[in-house]
Each structure stands twice: as structure tokens, then as C-alpha cells.
Amino acid sequence: MRKYLCLALIAALLSGCQPPAPDSVLASQKPPSASVRKEFMRIARIAGGKPGQIKTAEISSVVLLDPKARIYAFCVRYTETKQPGALRTNGIALRDGKSVDGSINDYRCRDKRLRYYNFPEFIAMKG
């Protein structure tokens, strides 16, 4: 998990400041597909996620972030059993169904217009 967090932090630092998500992006919201959920689970396993660490988890709608490059984005917010009061939020960008960027505590994931769904697969993650 630490590897993923470090990679996401580096990506966030390199990406610089970005404006909040415009209305047109949020209008493209679609519920996360099974393949989006599986891609996040793949990333979490690579990052060293361990079974039983996640107490609550939600995944956001998928939005079209860059129409020309066909980049989509979604967020996952969760609490860990070690720190149940600390809400973690990861933003993930996808192209052709594969992750191309990630960020930790992405402020765009806090946009009130973004819809979230339960993510039991992440809670029940196997090692």
C-alpha cells in the first residue's frame, strides 16, 4: 500500500494545481463498470493492500476528463481499520481501461456533485 501511496503522491506533485471539475465533466457521470472496479482492485493489490485493512469504501461515478485523449477519471474514498476517523480519497485517471495517473487526497474527489456508490469489493479484498 505504501508503494501505491508514494507513486500517487509523486503523480500529484508532478501534476501541479488543477481547477475544480467543470459542469460539463460532471454531466458525463456514469456509474463505475465492473472493469473500472477490477482495475482499481488490481492497483490496490500491486500497491500492497492487505486483507482486512479497509473499514468503509465508496467508488465514484466515472467522468470524461479529457475528450480528445479519451481519459476518464474516478475516485475511491475509504477509511482504514487502523484509523477509522481518517477518510482517504484517491483519484484515478484511465485511458483504454488502464490506469495512467493517480493522486492521493485529490480535492476534485470532494466535489459535492460527484456521485458515490458502495464498494464492497474493496472492503472484502483478498491478498
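Residues numbered from 1 in each chain as written. Predicted model: local features only at pLDDT ≥ 70, side-chain atom pairs only at ≥ 80, totals over all residues. Heavy atoms only, no water.

**Q** When you look at the packing of aromatic side chains in this model, what are you seeing that I'm missing?
**A** This model, assessed by the stated rule, comprises 5 aromatic pairs. With 5.9 Å between their ring centres and 55 degrees between their planes, phenylalanine 40 and phenylalanine 119 make a pair best called tilted. Here phenylalanine 119 lies in the loop between strand S6 (116-118) and helix H4 (120-123) and phenylalanine 40 lies in helix H3 (residues 34-46), a separation of 79 residues in the sequence. Accessibility assignment for this pair places phenylalanine 40 and phenylalanine 119 in one class, buried. (Phe/Tyr/Trp six-rings, centres within 6.5 Å; stacked < 30°, edge-to-face > 60°. Helix = DSSP H or I, 4+ residues; strand = E, 2+ residues; numbered from the N terminus. Buried < 20%, exposed > 50% of the residue type's maximum accessible area, 1.4 Å probe, protein only.)

**Q** Please clarify how the environment of threonine 56 should be interpreted in this entry.
**A** Summarising the element assignment, threonine 56 is placed in strand S1 (residues 54-60). By relative accessible area, threonine 56 is classed as partly exposed at 38%. Residues threonine 56 and glutamate 80, 24 residues apart in the sequence, show an inter-C-alpha distance of 7.2 Å. With near-sequence residues (within four places) excluded, threonine 56 lies in contact with Arg77, Tyr78, Thr79 and Ile123. Separated by 2.7 Å, the side chains of threonine 56 and threonine 79 make a polar contact. (Contact = heavy atoms within 4.5 Å. Polar contact = N/O pair within 3.5 Å; in protein donor to acceptor, adjacent residues only side chain to side chain.)

No statement about biological role is implied by the geometric values presented.
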